[in-house]
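For reference, the chains in residue letters:
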Amino acid sequence: MAPGNSSPLESFVRELDALLEAARQSFGSASSLQQVEEARVAFLGAKSGRFKAAQKQLGQIPADAKPTAGQHLNRVKNEIQAAFDAAKARFATESFRGEADPTFDRTLPGTTSRLGRLHPITQTINELMDIMGRLGFSPAYGPEVEDERHNFEALNIPADHPARDPLDNFYLSVASKRDGETRLLRSQTSTVQIRVMENRQPPIRVISLGRVYRPDTADPTHYPMFHQMEGLMVDEHVNLATLKTVLQLFATNYLGASVPVRIRPSFFPFTEPSVEADYFWNGKWTEFGGAGIIDPNVFKAVGYDTERYTGFAFGLGVERLCMIRHGIIDIRNLYTNDVRFLRQF
Ligand code: PHE
């Protein structure tokens, strides 16, 4: 039958087939993603694409031939879509391998994207919690804005004690007005000892790691904000030997070798006796932090039976531990947040 005499269905099908052929041709010969996109607009464009135009012809098809015409229409649409997908994929891989672009030298080193990482102090905190967790100490937390009871009074630091000097603490004027109570940024994590003992009965084995604040001028070993790790153990028969053993196990775990620990007499209002603990590493004695046996006055402040229970506490500087481990010589480097420094850890 000559084309002029063909039925509406036949010419509809023939036009669609021609359209498909043209589409395959265009997508197949596209040599850049842009050309693929141009072909997509020309054939599949929602407004004036050629397929859309062909689809409109469906209206001219007699009712009894419509199902057949519709099926063909769908098939052609899927085929055009497949040709488009294939062209896009072909171009994507070619571009990736650099074959589409003769100026692209795939033997040159690429740009590496850097992985983010945790701040060295966060890494240290995680590791310390992990070590102390294995020694049976569970984490405890307390607020950084504290009242005087938890930062001083219950810790046996009376009102006239020099540790309460405004020059040595960040007292908050705003918070104080709230309920008439004086508040300050905690100057030590020993506050958490009180918070834990107020709420729980022995046996207690907790570790508290967090920020503390003191108005010190920043220098290589001081910073107005730093972190402490506070340990607290309360039970029957806890003594200095228990404390020393725990510190020794901790030092050995953290520094990765058998580390001798020694204790020297010291003074803290909330411990009696009080000690300063040192460990021997890299050929010299290095200070750990303060520690001691909980003063009975502290137990009285939280309502513990001082005849039955004894306990120890220690407070170590987290920055110092981190700096020793990584050979950092200036604490300020930890808080300048220069990525060239932070990237090393
Ligand atoms: N809180 C003390 C300080 O900041 C350290 C310490 C903690 C001492 C626990 C003894 C017991 O210096």
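Residues numbered from 1 in each chain as written. Predicted model: local features only at pLDDT ≥ 70, side-chain atom pairs only at ≥ 80, totals over all residues. Heavy atoms only, no water.

Caption draft 1: Just the overall build of the protein, in detail. Each helix and strand counted, the protein has 13 helices and 10 strands in total. Whereas a compact globule of 345 residues would reach a radius of gyration of roughly 20 Å, the protein reaches 38 Å, over 25% beyond that. Based on the C-alpha atoms only, the size of the protein along its principal axes is roughly 115 × 50 × 40 Å. The proportion of buried residues among the 345 residues of the protein is 40%. Within the protein, contacts between residues separated by at least 24 positions form 62% of all contacts whose residues are at least 6 apart in sequence. Taken as a whole, the protein presents about 19100 Å² of accessible surface, with 53% of it coming from carbon and sulfur. Across the protein, the mean location of the 39 positive side-chain charges is 7 Å away from that of the 41 negative side-chain charges. (Helix = DSSP H or I, 4+ residues; strand = E, 2+ residues; numbered from the N terminus. Rg over C-alpha atoms; globule rule 2.2 N^0.38 Å. Buried < 20%, exposed > 50% of the residue type's maximum accessible area, 1.4 Å probe, protein only. Contact = heavy atoms within 4.5 Å. Areas by Shrake-Rupley, 256 points an atom, 1.4 Å probe, with all protein chains shown as cover. Lys, Arg positive; Asp, Glu negative; His and termini not counted. Charge placed at Lys NZ, Arg CZ, Asp CG, Glu CD.)

Caption draft 2: Layout of the site of the ligand. Contacts to the ligand come from 14 residues, most closely from Gln 188, Ser 190, Arg 214, Gln 228 and Glu 230. In the model, a nitrogen atom of the ligand is placed 2.9 Å from a nitrogen or oxygen of the Ser 190 side chain. For the ligand, an oxygen atom lies 2.9 Å from a polar atom in the side chain of Gln 228. Coverage of the ligand by the protein amounts to 90% of the 330 Å² it exposes when considered alone. For the ligand, the cavity whose grid points lie within 2 Å of the majority of its atoms is the largest pocket. For the shell around the ligand, the secondary structure elements donating two or more residues are α8 (190-199), β6 (225-235), β9 (284-294) and β10 (310-317). Tallying contributions element by element places β10 first for the shell around the ligand, with 3 residues. Looking at the shell around the ligand, its residues break down into 5 nonpolar, 7 polar and 2 charged. (Near = heavy atom within 4 Å. Polar contact = N/O pair within 3.5 Å; in protein donor to acceptor, adjacent residues only side chain to side chain. 1 Å grid on protein atoms, 1.4 Å probe; cavity = no way out; pocket = protein on both sides within 12 Å on 5 of 7 lines; lining within 4 Å. Sits in = over half its atoms within 2 Å of the grid points. Nonpolar A, V, L, I, M, F, W, Y, C, P; charged D, E, K, R; others polar.)

Caption draft 3: Main features of the packing of aromatic side chains. Using the criterion set out here, one finds 12 aromatic pairs in the structure. Their ring planes at 50° and their centres at 5.6 Å tell us that Phe 27 and Phe 84 sit as a pair that is tilted. In this pair, Phe 27 sits in helix α1 (residues 8-29) while Phe 84 sits in helix α4 (residues 66-97), placing the two residues 57 residues apart along the sequence. Each member of the pair, Phe 27 together with Phe 84, is buried. Centroid distance Phe 341 to Phe 345: 5.0 Å. Interplanar angle 65°. Geometry classified as edge-to-face. The lysine or arginine in question, Arg 325, covers the ring of Tyr 254, its NZ or CZ lying 4.3 Å from the ring centre. (Phe/Tyr/Trp six-rings, centres within 6.5 Å; stacked < 30°, edge-to-face > 60°. Lys NZ or Arg CZ within 6 Å of the ring centre and 35° of its normal.)

Caption draft 4: Representation of the sheet that holds strand β5 (residues 204-213) in the model. Reading across from one edge, β1-β5-β6-β10-β9-β8-β7 is the order of the 7 strands in this open sheet, with mixed pairing throughout. Of all strands in the sheet, those bounded by a partner on one side alone are β1 (138-139) and β7 (261-268). Strands β5, β6, β8 (271-281), β9 and β10 of the sheet are contacted by helix α11 (residues 318-326), whose axis makes an angle of about 55° with β10. (Pairing = 2+ DSSP bridges. Axes fitted to C-alpha atoms, helices over the stretch in contact; angles between N-to-C directions.)

Caption draft 5: A look at the nonpolar core. Of all hydrophobic cores here, the largest spans 44 residues; its most connected members are Met 132, Met 229, Phe 250, Phe 288, Phe 312, Phe 314 and Leu 334. It is helix α9 (residues 240-255) that contributes the most residues to this core, 7 residues altogether. (Core = buried A, V, L, I, M, F, W, Y, C linked by side-chain atoms within 4.5 Å.)

Caption draft 6: Quick look at the pairing of β7. Relative to β8, β7 runs antiparallel, the two sharing 7 bridges. If you follow Arg 262 over to β8, its bridge partner there is Asp 278. Linking β7 back to β8 in an antiparallel pair, the connection comprises 2 residues.

Caption draft 7: View of unusual backbone geometry. Cis peptide bonds are those with omega within 30 degrees of zero, and the linkage from Pro 202 to Pro 203 qualifies with 5°. Mapped onto the elements, Pro 203 comes out in the loop between α8 and β5. Within the chain, Asn 156 stands out as a residue other than glycine whose phi angle is a positive 65°. Given the relative accessible area of 25%, Asn 156 is considered partly exposed. You will see that Asn 282, though not glycine, has its phi angle at about 55°, which is positive.

As far as function goes, none of this settles anything; it's purely spatial.
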